[in-house]
Amino acid sequence: MAMIEVRIHGRGGQGAVTSAEIVALAAISEGKYAQAFPSFGPERRGAPVQAFIRVSNDPIKLRCDIRQPDVVVVLDPALITVAQATAGLKPHGIIVVNTSKSIDQTKTEHHLTHRTAVVDATKIAREILGLPITNTTMIGALIKATRLVGIDSVNEPLRHRFGRIAEKNIQVCQRAFEETVVEETDCAKT
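Residues numbered from 1 in each chain as written. Predicted model: local features only at pLDDT ≥ 70, side-chain atom pairs only at ≥ 80, totals over all residues. Heavy atoms only, no water.

## Some words on the sheet that holds strand β7 (residues 181–182)
In spatial order, the strands read β2-β3-β1-β4-β5-β6-β7; together these seven strands make up an open sheet with mixed pairing. In this open sheet, the two strands that pair with only one neighbour each are β2 (33–39) and β7. Two elements, strand β6 (residues 115–119) and β7, share two bridges in a ladder whose sense is antiparallel. Across the sheet, residue V118 finds its bridge partner in β7, namely V181. (Pairing = 2+ DSSP bridges. Helix = DSSP H or I, 4+ residues; strand = E, 2+ residues; numbered from the N terminus.)

Below, the structure is given as structure tokens:
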């Protein structure tokens, strides 16, 4: 696997940083090299934040922000415009969006040209967690869209991070994995 770089867009308090850490730990458990790190200043809860993930089969020597990601994950669809979420996304990259809308509706509404994956992470989180906290839900969507790590590889990091509420977080992650709709590539359509 060549190095894959992921940028997660969320709001302070939504758990973007936690998601990045969980995915990186899952990659490490699979014998890969990984990094996870945040980028935010003194923002308040609700302000846009970014978290980053790098995963590779080889040691990672880079220690800078990810400006040209292979994947962008958006916890709040308003951030597509507000935070310019697609800035620098590689031409063959993919954007994974938490939305109740279809791929076509999402692409049209936000003027997206990249390959797109969608899941109603908020609905899943409300139904299982009882709260609209979508960070662990979007991990499932990221995995479905990219196969960056195996879906079961996140279970132990989730258990370690969430303790007694881990099983519900595993459930939302799994359900999002199952319900995420990923736009086919041109190769897959032929």
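## Quick look at the pairing of strand β3 (residues 48–56)
Most of β3 sits out of view: seven of its nine residues are buried. In the sheet, strand β1 (residues 4–11) pairs with β3 via eight bridges, with the strands oriented antiparallel. In the strand pairing of β3, H9 is matched with Q50. Of the pairings in the sheet, the one linking β2 to β3 comprises seven bridges and is antiparallel in character. Across the sheet, Q35 pairs through a bridge with R54, a residue of β3. (Buried < 20%, exposed > 50% of the residue type's maximum accessible area, 1.4 Å probe, protein only.)

## Focus: the packing of aromatic side chains
Summed over all chains, the structure comprises one aromatic pair. Geometry around F177 places K144 over its ring, the cationic atom sitting 5.7 Å from the centre. The ring of F162 carries R161 above its face, with NZ or CZ at 5.3 Å from the centroid. (Phe/Tyr/Trp six-rings, centres within 6.5 Å; stacked < 30°, edge-to-face > 60°. Lys NZ or Arg CZ within 6 Å of the ring centre and 35° of its normal.)

## Details of the pairing of strand β4 (residues 71–74)
Strand residues, when the strand is regular, have side chains that alternate between the two faces of the sheet. Side chains of β4 alternate between two faces, with V71 and V73 and V72 and V74 buried alike. As paired elements, β1 and β4 share four bridges and run parallel to each other. Bridge pairing in β4 links H9 to V74. Here four bridges tie β4 to strand β5 (residues 94–98), and the two strands are oriented parallel to one another. Looking at the pairing, V74 lines up with V97 of β5.

## Comments concerning the pattern of salt bridges
A complete count under the given rule lists nine salt bridges for this structure. Residue K32 is joined to E30 by a salt bridge in which the shortest nitrogen-to-oxygen separation is 2.9 Å. Owing to a relative accessible area of 16%, K32 belongs among the buried residues under this scheme. In this structure, E167 and R159 form a salt bridge, with 3.0 Å as the shortest nitrogen-oxygen distance. (Salt bridge = Lys/Arg side-chain N within 4 Å of Asp/Glu carboxyl O.)

## Description of the side chain of R54
Structurally, R54 is set in strand β3. Note on R54: relative accessible area 0%, which makes it buried. Only 2.7 Å separates the side chain of R54 from the side chain of E5, close enough to count as a polar contact. Only 2.7 Å separates the side chain of R54 from the backbone oxygen of C64, close enough to count as a polar contact. (Polar contact = N/O pair within 3.5 Å; in protein donor to acceptor, adjacent residues only side chain to side chain.)

## A word on the nonpolar core
Buried together is how nonpolar side chains tend to be arranged in soluble globular proteins. Membership of the largest hydrophobic core comes to 40 residues, with the highest contact counts inside it found for I8, V73 and V154. V73 has contacts with V6, R7, I8, H9, V96, M138 and L142, leaving out every residue within four places of it along the chain. (Core = buried A, V, L, I, M, F, W, Y, C linked by side-chain atoms within 4.5 Å. Contact = heavy atoms within 4.5 Å.)

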